[in-house]
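Read off the chains here:
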Amino acid sequence: IRRVHQTSQQLRKAEARTRSIVSNAADGIITFDEHLRIEDFNDAAEMMFGKTFTMVTQHDVLELINDDDRRLRDFVFRKATQDDSSHSGIRNSFDVYVSSKSLACEVQGRRSDKTRFPIWLSVGSVRWGEHTRFTCILRDLTEQKRTEAALERERCVIQELMLNLTESVFIYFKDEQGQFLRVNSALARKLGLKTPDEAIGRSDFNFFPEEYARHALRDELEILRTGQPALSLEEHATWPDGSQSWVRTAKMPLRNSQGRVVGTFGISHDMTDLVEGREELRRAKDAADQANQAKSEFLANMSHEIRTPMNGILGMTDLALDTDLSPEQREYLEMVQSSSEQLLHIINDILDFSKIEAGKLELDPQEFLLRDSLGETLHTLAQRADSKGLELAAHIAPEVPDGLKGDPGRLRQVIVNLVGNAIKFTERGEVVVEVAVANVSGEPVPNEIELRFTVRDTGIGIAHDKLERIFNEFEQADGSTTRRYGGTGLGLAISRKLVRLMHGQVWVESEPGRGSAFYFTARFGLATCQSDDRRQLPVSVENMRVLIVDDNQTNRRILEEMLTNWRMRPTAVSGATDAVRELTESVASGEPYSLVLLDGHMPDVDGFALAEQIRNRPELLSSTLMMLTSGGQLGDIARCRKLGIAAYLIKPVTQSDLFDKIVQILDQNHVATSASASVTHSVATHGTPMRVLLAEDNVVNQRLAVRLLERRGHIAIITSNGVEALEAFDQGSFDAVLMDIQMPRLGGFETTAEIRRREQGTSRHLPIIAMTAHAMKGDREACLAAGMDAYLPKPIQAEDLYKTLEAYAPQPNATAAASTVQLIDWIAALKSAANDKTLLKELITVFLESLPKWLSDLQSAIQQRDTAVAGRLAHTLKGSLRQFGATAAETAQQLETECAASHFAAAEKTFPILLAALNQLRPELEHPPG
Ligand code: ADP
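The residue numbers shown here count from 1 along each chain, following its written sequence. At least 70 in pLDDT is required for a residue's local features to be given in this predicted model, at least 80 for side-chain atom pairs to be given and counted, and no such filter applies to totals for whole chains, interfaces and linings, which use all residues. Note: side-chain values were computed over all heavy atoms of the structure, leaving out hydrogens and water.

**Here we look at the overall build of the protein chain**
Phase 1 of the analysis: Under the scheme used here, helices are H or I runs from DSSP no shorter than 4 residues and strands are E runs no shorter than 2 residues, and both carry numbers assigned from the N terminus. Counting its secondary structure elements, the protein chain contains 30 helices and 30 strands.
Phase 2 of the analysis: Three labels apply to residues, based on accessible area from a 1.4 Å probe with only protein chains included: buried if under 20% of the type maximum, exposed if over 50%, partly exposed otherwise in between. In the protein chain, which comprises 930 residues, the share counted as buried stands at 44%.
Phase 3 of the analysis: Residue contacts are counted whenever heavy atoms from the two residues lie within 4.5 Å of one another. Relative to all contacts within the protein chain whose residues are 6 or more apart in sequence, the contacts with residues 24 or more apart total 63%.
Phase 4 of the analysis: Accessible surface area values rest on a Shrake-Rupley calculation with a 1.4 Å probe, where residue burial reflects the displayed protein chains alone. As displayed, the protein chain offers around 48400 Å² of accessible surface, 53% of which is attributable to carbon and sulfur atoms.

The following block contains the structure:
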């Protein structure tokens, strides 16, 4: 009994152990009897079939396993019916046979949801007396099958890739020694092999020139060492068949499943066409660059060649117009002048365009005052607008800063282009220029501002389909307009490029028949000093009532805004009737208008007629009248004087003009102060006559330069090449040199270098100003680098010449010491005073006392274009100066001639010269030699 007890305990333990193994097994385990009835069913089987043990116990195992071919049933039948002796298995002490034969096959399993899945099945049998028990182990093959399918797909892809990829793509795999493990068919063919397998075990050294193979091996060893791929290697390969090609290769490390680098693989593609194309392109680009270079050189030379004679034509015409001419001659010459100006304009356009094309145009940034600059620009266009009866108005929003950093010349060019077009294409109405601060999207840049300019006209407009095209070079809205309006079609193309240089954009909106609006934006730096303080009027103008009479609404708005900014109280009316009513009412209310701004040109009653009406009403006399004219008509000014109009302004009225005029009218002493102010001011700037060495080979230009210099009282010594200039340099002392660059025998650069050499060791430095028609960027730098001090582009503009040259004028005392110019001929002076020294002193005292009044009267007479008064005063001055034998008498004489001939523009330039000369004279007169 004890043995039985022990044995059954052992059995229970064994059963428990078996159960635990079975239930925790990863494989499904099912036991069933010889009638295929399920007896046991482990957890893994539950998972596999989605059924619990209770659901399947005593059920037929064939509900779970598909056995269409009866393999399982036959096996079970065989095992159940075989007698023990036929069992080749082991028989143990409990009469249990474990059969060594078992069934193993793939079958289909059925899940509770009727889906099928592959199973690997192995069934073993155990015989216990009469009974046979079957244990089957099931393994779900779903995942394994899936992996197998994926692997197969992968294999196919690689196979496809290696066999059938296009002829120009090569793939290879190599081992750590650089021997091929595998190559694709295209590479095999290229290597001259019949099958890809022939490559295995061979290396680049078997196929390529040694150097190439060594190079490739070095690359591969590097990849093996670092594990880093080498992408985009460009290699020139010579193939076994002798052909050559360029390939681009990416080489990468080949890693085994543990991630260790065990070789390399690479993909190359043939890019011979690409490289050759690129080479072709580079050659073409070089050729184009060369051609472009040649083109811009050609243009520079052309511009030089054309500008030099243009210089002569324009300058000489200018001088000829200053001489006595018959009306017919004057007319012809004026036509020559305007045609030459047009021609110069076209040449400049073409040159500009070519420079921009060649990338040679750069901005020349400097500080400038926007309002003054725009005012000047528009004044040059006002006459054109006026002659067509158009209003030209400008409005700069108050918040737009005045002091800017940018290229005022190029800005002016764009504005002149757009406004010029607007005037050209408008027959009636107005052209309005507006400037406002642009709304910039994104972060504002410190110390920078973007402005938006608008040029609006009421002209013929532009068809919608042409709006984009007109910005292209040589493009005009249509052929017939070209004939009617002329032009090159370059203006807008240039403007667009200039605006881009200023980091802006240009665009247009237009309504055919109603007008156009051109817009552009541009970026500017902010100048360090803003000029706004200047625009503070004296406090006395606060709340001053001003009446604006103008038929043009835009003008009224602009004037109102300016005046309001100065805290005046403007009222605007559109015509004479309203104006008279306003004035009358204002007197009645006890708050009369202090100032009336009258538009000269108005329909029905114009400004002059209105002024006359006002002047005929004694009760309105307290208002000061100011006329806004379009300039040009000399008669206007005379009429203004006759009507007692205090001042006139040329339209478009700019803020600074209006400001200055208001100050001038309000401050009665203004003229006197400003005259004496300019006396002191002028000395430093352009008072001193300079000795100028001129080196210039072109005779016309020589004469022009000499005349321009003489006009300002400077003395010119002419030389026509560098050699002569150097001789003159050695012999005389000069205040400055005007140096042409291209001269025979010795050019400007060489001459400059020689002068600088000769100056070495001395404290002297003679200012040298280059004059060149090479208007290309870089000229200035070249000149400065050559040792020159300044640069003047040809054609020489008088104002530029004076400004540049006179910056080098010696200080007055320095001249007094250095130069021998005698300001007063004391002997002659004494003679004219009948050799009476006391009398001479008295004469001098009287002269010096009257001088300020004479000068201020003379200045205002010139300003007011009063031929008679100015002529008389200049004459008096000249007489007195002659009396003292003063050289300044020459200048006074010139002034007198100019005034008598009503050449006021010239007189305005001569006047400051006279002031300067007098200022220099004063100390000498005050201290006559014993
Ligand atoms: P150009 O004026 O020398 O012909 P642009 O490039 O300045 O050359 O202008 C190109 C064309 O654009 C002009 O010929 C004209 O047809 C059109 N255009 C320009 N501005 C205006 C405007 N304000 N009104 C109508 N058409 C204009």
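**A word on the site of the ligand**
Phase 1 of the analysis: Throughout, near means a residue has at least one heavy atom within 4 Å of the molecule or strand. Looking at the ligand, there are 19 residues lining it, with Asn421, Asp457, Gln476, Thr488 and Leu492 nearest.
Phase 2 of the analysis: In the analysis that follows, any N or O atom pair within 3.5 Å is treated as a polar contact, provided that within protein one partner can donate a hydrogen and the other can accept it, and provided that, for residues neighboring in sequence, both atoms belong to side chains. One nitrogen or oxygen atom from the side chain of asparagine 421 is found 2.8 Å from an oxygen atom belonging to the ligand.
Phase 3 of the analysis: Contact with the protein chains hides 96% of the accessible area of the ligand, taken as 530 Å² for the molecule alone.
Phase 4 of the analysis: Put simply, the parts of the chain that give the shell around the ligand at least two residues each are helix 11 (408–424), helix 13 (491–501) and strand 20 (515–526).
Phase 5 of the analysis: Here the shell around the ligand takes 3 residues from helix 11, the largest share from any one element.
Phase 6 of the analysis: Looking at the shell around the ligand residue by residue, the classes come out as 8 nonpolar, 8 polar and 3 charged. Classification used: nonpolar for Ala, Val, Leu, Ile, Met, Phe, Trp, Tyr, Cys and Pro, charged for Asp, Glu, Lys and Arg, polar for all others including Gly.

**Overview of the pattern of salt bridges**
Phase 1 of the analysis: Take a side-chain nitrogen of Lys or Arg and a carboxyl oxygen of Asp or Glu: if they are within 4 Å of each other, that pair is a salt bridge. On inspection of all chains with the given rule, the structure shows 41 salt bridges.
Phase 2 of the analysis: Here arginine 189 and glutamate 167 are joined by a salt bridge, their closest N and O atoms 2.5 Å apart. Pair noted here: arginine 189 is in helix 6 (residues 185–190) and glutamate 167 is in the loop between helix 5 (142–164) and strand 9 (169–175), with a separation of 22 residues, a long-range link.
Phase 3 of the analysis: In this structure, arginine 523 engages glutamate 450 in a salt bridge whose closest nitrogen and oxygen atoms are separated by 3.4 Å. In this pair, arginine 523 is assigned in strand 20 and glutamate 450 in strand 18 (residues 448–457), connecting sequence segments 73 residues apart.
Phase 4 of the analysis: Arginine 523 sits in the partly exposed class, given a relative accessible area of 26%.

**Remarks on the pairing of strand 13 (residues 261–270)**
Phase 1 of the analysis: For two strands to be treated as a pair, DSSP must find at least two bridges joining them. Where strand 9 lies against strand 13, 7 bridges are found, and the strand directions are antiparallel. If you follow phenylalanine 173 over to strand 13, its bridge partner there is phenylalanine 265.
Phase 2 of the analysis: As paired strands, strand 12 (residues 244–255) and strand 13 are joined by 9 bridges and run antiparallel to one another. Bridge assignment links alanine 250 to a residue of strand 13, and that residue is isoleucine 267.
Phase 3 of the analysis: Linking strand 12 back to strand 13 in an antiparallel pair, the connection comprises 5 residues, with glycine 259 at a positive phi of about 90 degrees.

**Comments concerning the sheet that holds strand 11 (residues 230–238)**
Phase 1 of the analysis: Strand order in the open sheet formed by 5 strands is 10-9-13-12-11, with antiparallel pairing between adjacent strands. Two strands in the sheet have a free side with no partner beyond their single neighbour: strand 10 (180–183) and strand 11. On average, adjacent strands in this sheet sit at an angle of 25 degrees to one another, irrespective of strand direction.
Phase 2 of the analysis: Sheet strands in contact with helix 5 are strand 9 and strand 10, and its direction is about 85 degrees off that of strand 10. Helix axes are fitted only over the stretch in contact, all axes being lines through C-alpha atoms; the angle between N-to-C directions runs from 0 to 180 degrees.

**Concerning the confidence of the model for the protein chain**
Phase 1 of the analysis: Predictor confidence is given residue by residue as pLDDT, running from a minimum of 0 to a maximum of 100. Across the protein chain, the average pLDDT comes to 83, with 90% of residues at 70 or higher.
Phase 2 of the analysis: Contacts from residues 668–686, a stretch scored under 50 in pLDDT, to residues over four places away or in other chains number 27 contacts.
Phase 3 of the analysis: Segment residues 813–821: pLDDT under 50, and 2 contacts once partners within four positions in sequence are set aside and those in other chains are kept.

**Overview of unusual backbone geometry**
Phase 1 of the analysis: With a phi close to 60 degrees, arginine 70 is a non-glycine residue in the positive phi region.
Phase 2 of the analysis: Structurally, arginine 70 can be placed in the loop between strand 3 (65–66) and helix 4 (71–81).
Phase 3 of the analysis: If you check the backbone angles, serine 232 has positive phi at about 60 degrees while not being a glycine.

**Some thoughts on the packing of helix 10 (residues 370–387) against helix 11**
Phase 1 of the analysis: For the pair helix 10 and helix 11, interaxial distance at closest approach is 10 Å and the crossing angle is 30 degrees. It follows that helix 10 is roughly parallel to helix 11 by the angle criterion. In the packing of helix 10 onto helix 11, the handedness of the crossing is right-handed. The segment helix 10 lies against helix 11, with Leu370, Ser373, Leu374, Glu376, Thr377, Leu378, Thr380, Leu381, Arg384 and Ala385 engaging Pro408, Leu411, Arg412, Ile415, Val416, Val419, Gly420 and Ile423.
Phase 2 of the analysis: Of the residues assigned to the contact of helix 10 with helix 11, the class counts are 11 nonpolar, 4 polar and 3 charged. For this classification, under 35 degrees means roughly parallel, over 145 means roughly antiparallel, 65 to 115 means roughly perpendicular, and everything else is oblique. In this scheme, a crossing is called left-handed if the near helix is turned counterclockwise away from the far one by less than a right angle; it is called right-handed if the turn is clockwise.

**Brief notes about the nonpolar core**
Phase 1 of the analysis: In this structure, Leu370, Val419, Leu451, Phe453, Phe520 and Phe524 are the most contacted members of the largest nonpolar core, which totals 48 residues.
Phase 2 of the analysis: At 7 residues, the largest contribution of residues to this core is made by helix 11.
Phase 3 of the analysis: With near-sequence residues (within four places) excluded, phenylalanine 520 lies in contact with Leu411, Val414, Ile415, Leu418, Leu451, Arg452, Phe453, Val499, Gln505, Val506 and Trp507.
Phase 4 of the analysis: Only buried Ala, Val, Leu, Ile, Met, Phe, Trp, Tyr and Cys residues count toward a nonpolar core, and they belong to the same one when joined by side-chain atoms within 4.5 Å. Among the nonpolar cores identified, the runner-up in size contains 36 residues, and Ala833, Leu851, Leu877 and Phe911 belong to it.

**Side note on the packing of aromatic side chains**
Phase 1 of the analysis: We call Phe, Tyr and Trp rings a pair once their centres come within 6.5 Å, taking the six-membered ring for Trp, and we label the pair stacked below 30 degrees between planes, edge-to-face above 60, and tilted otherwise. For the coordinates displayed, the defined rule picks out 17 aromatic pairs.
Phase 2 of the analysis: Ring centres of phenylalanine 32 and phenylalanine 134 lie 5.5 Å apart, and the angle between their planes is 15 degrees; on these two criteria the pair is classed as stacked. With phenylalanine 32 in strand 1 (residues 28–33) and phenylalanine 134 in strand 8 (residues 131–140), this residue pair connects regions lying 102 residues apart in the sequence.
Phase 3 of the analysis: A residue is classified by how much of its surface remains accessible, and phenylalanine 32, at 0% relative accessible area, is buried.
Phase 4 of the analysis: Both rings, one in phenylalanine 170 and one in tryptophan 239, keep their centres 5.2 Å apart while their planes meet at 65 degrees; by these two values the pair is edge-to-face. Within this pair, whereas phenylalanine 170 is found in strand 9, its partner tryptophan 239 is found in the loop between strand 11 and strand 12, the two being separated by 69 residues in sequence.

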